[in-house]
Amino acid sequence: MTAVSRPTRAALYLYGVLILVVLYLPLVAVGFASVSKARYLSFPVKRYSGGWMAEAVTSPTVHQIVLTSLKIAVSVTVLSVVLGFFGALAFARFQWRFRGLFQKAILLPIFFPQTVLGLALLIWFSAIGVTPSWKTAVVAHLVWIAPIATLIIAIRAYGFDPALEEAARDMGASTLTVLREVTLPLLMPGIVSAGLFAFLLSWGNFPLSLFTSGVDSTLPKWLYSRMVSGFTPQIPALGVMSVAGSAVLVLVGLVVMRWMRRQT
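Residues numbered from 1 in each chain as written. Predicted model: local features only at pLDDT ≥ 70, side-chain atom pairs only at ≥ 80, totals over all residues. Heavy atoms only, no water.

So, about the overall build of the protein chain. Summing up its helical and strand segments, the protein chain has 11 helices and zero strands in all. Shown N-terminal to C-terminal, the secondary structure of the protein chain runs as helices and strands in the order α-α-α-α-α-α-α-α-α-α-α. Taken along its principal axes, the extent of the C-alpha atoms in the protein chain is 70 × 65 × 30 Å. Across the protein chain, contacts joining residues at least 24 apart in sequence account for 73% of those joining residues at least 6 apart. Accessible area of the protein chain: about 15800 Å², with a carbon and sulfur share of 72%. Distance between charge centres in the protein chain, computed from 20 positive and 7 negative side chains, equals 17 Å. (Helix = DSSP H or I, 4+ residues; strand = E, 2+ residues; numbered from the N terminus. Contact = heavy atoms within 4.5 Å. Areas by Shrake-Rupley, 256 points an atom, 1.4 Å probe, with all protein chains shown as cover. Lys, Arg positive; Asp, Glu negative; His and termini not counted. Charge placed at Lys NZ, Arg CZ, Asp CG, Glu CD.)

Empty space within the largest pocket amounts to approximately 190 Å³. Lining the largest pocket are Leu-200, Trp-203, Gly-204, Leu-219, Pro-220, Leu-223, Gly-239, Ser-242 and Ser-246. Those elements that provide at least two residues to the lining of the largest pocket are helix H8 (175-203), helix H10 (219-228) and helix H11 (234-263). Looking at the lining of the largest pocket residue by residue, the classes come out as five nonpolar, four polar and no charged. (1 Å grid on protein atoms, 1.4 Å probe; cavity = no way out; pocket = protein on both sides within 12 Å on 5 of 7 lines; lining within 4 Å. Points joined across faces, edges and corners; volume = space filled by probe spheres on them. Nonpolar A, V, L, I, M, F, W, Y, C, P; charged D, E, K, R; others polar.)

This part is about the environment of Gly-100. One can find Gly-100 in helix H4 (residues 99-111). The exposure class assigned to Gly-100 is partly exposed, which follows from its relative accessible area of 32%. (Buried < 20%, exposed > 50% of the residue type's maximum accessible area, 1.4 Å probe, protein only.)

The next thing to look at is empty space enclosed by the protein. Here the structure, examined in full by the defined rule, presents one cavity of 30 Å³ or more. The space that makes up the largest cavity amounts to roughly 30 Å³. Taken together, Ser-69, Ile-72, Ala-73, His-141, Ser-202, Trp-203, Ser-209 and Thr-218 form the lining of the largest cavity. Among the secondary structure elements, those contributing two or more residues to the lining of the largest cavity are helix H3 (60-93) and H8. Among the elements that make up the lining of the largest cavity, the one with the highest residue count is H3 (three residues). The residue makeup of the lining of the largest cavity, split by class, is three nonpolar, five polar and no charged.

Formed by 35 residues in total, the largest nonpolar core has its most connected members in Val-76, Phe-85, Trp-144, Ile-153, Leu-187 and Ile-191. Broken down by secondary-structure element, the contributors of at least two residues to this core are H3, helix H5 (114-127), helix H6 (134-159) and H8. Residue contributions to this core peak at 13 residues, all from H6. Excluding anything up to four places from it in sequence, Ile-191 contacts Val-81, Phe-85, Ile-153 and Leu-184. In this structure, Val-62, Ile-65, Trp-203 and Leu-238 belong to the second largest nonpolar core, which totals 11 residues. (Core = buried A, V, L, I, M, F, W, Y, C linked by side-chain atoms within 4.5 Å.)

This brings us to the packing of H3 against H4. Where H3 meets H4, the axes come as close as 9 Å, and the angle between the chain directions of the two elements is 130°. By the criterion of interaxial angle, the relationship of H3 to H4 is oblique. Note on packing geometry: the crossing formed by H3 with H4 is left-handed. The segment H3 lies against H4, with Gly-87, Ala-90, Phe-91 and Ala-92 engaging Arg-99, Phe-102, Gln-103 and Ile-106. Residue classes in the contact of H3 with H4 are distributed as five nonpolar, two polar and one charged. (Axes fitted to C-alpha atoms, helices over the stretch in contact; angles between N-to-C directions. Parallel < 35°, antiparallel > 145°, perpendicular 65-115°, else oblique. Left-handed = near helix turned anticlockwise from the far one by under 90°.)

A cluster of nonpolar side chains, Tyr-15, Ile-19, Leu-20, Leu-23, Tyr-24, Leu-27 and Val-243, forms an exposed patch at the surface whose accessible area comes to about 690 Å². In terms of residue count, the dominant contributor to the nonpolar patch is helix H1 (residues 6-35) (six residues). Position of Leu-23 relative to the elements: it lies in helix H1. The exposure class of Leu-23 is exposed, given its relative accessible area of 53%. (Patch = residues over 30% accessible without salt bridge, like charges linked within 9 Å, V, L, I, M, F, W, Y side chains within 5 Å. Salt bridge = Lys/Arg side-chain N within 4 Å of Asp/Glu carboxyl O.)

Tallied over the full model, the rule gives four aromatic pairs. Taken together, a centroid distance of 5.3 Å and an interplanar angle of 45° make the contact between Trp-124 and Phe-125 tilted. (Phe/Tyr/Trp six-rings, centres within 6.5 Å; stacked < 30°, edge-to-face > 60°.)

Assignment of secondary structure puts Thr-177 in helix H8. With 70 residues separating them along the chain, Thr-177 and Ala-247 place their C-alpha atoms 36 Å apart.

As structure tokens, then:
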């Protein structure tokens, strides 16, 4: 490897720090807004209070929107992982006639603007007589998130040796046994990663939920509506708790994946 000079290394560190500042400084501002006792944020913060977070935790409205978001995110996660698992096997593991067309088609929804996709799904639901609700939001999220989960698991599927499955079959294992004892454990890090991505992308999705959730308000949709009218520091307080919960989930996922790598 080529040695990096000290000035170059310092410049790279500085560049990395600047990137982190640009990415996370807005979150710091939201954090200050969540603990300010005043209704509107001003610097320096004169009085601090944790009352807004306590109000968010005890609010029945917040409980309802969080429950709705959880129902959508959990449903999307489970369905995306199942669809992504079998889709990844078709994408990366087996040769079949229309494989190339499938690989191209599975990528298309990822590149659609989410607002256009949400509007198209809303028109489609209306045309077939389906009333938008959190269940239609699950379908909308799946159209965009399931292909992402498929690609994540497919990356893992490309990386393991098919000879392991063939060896298991040569030893008399059935197709179901090979799937359960060989394929699933080898793909499990990719499955966990896909599940994390699916949950977080669904949990924080605003455009698709705005068009397809109907009267069932999700957390991003509710935060937006309160920012437009009726703002209180409860909004940034809830946003900070949402970000903290997402960070904890990511850390748990990283620990689980590290543990699985040690087991394999």
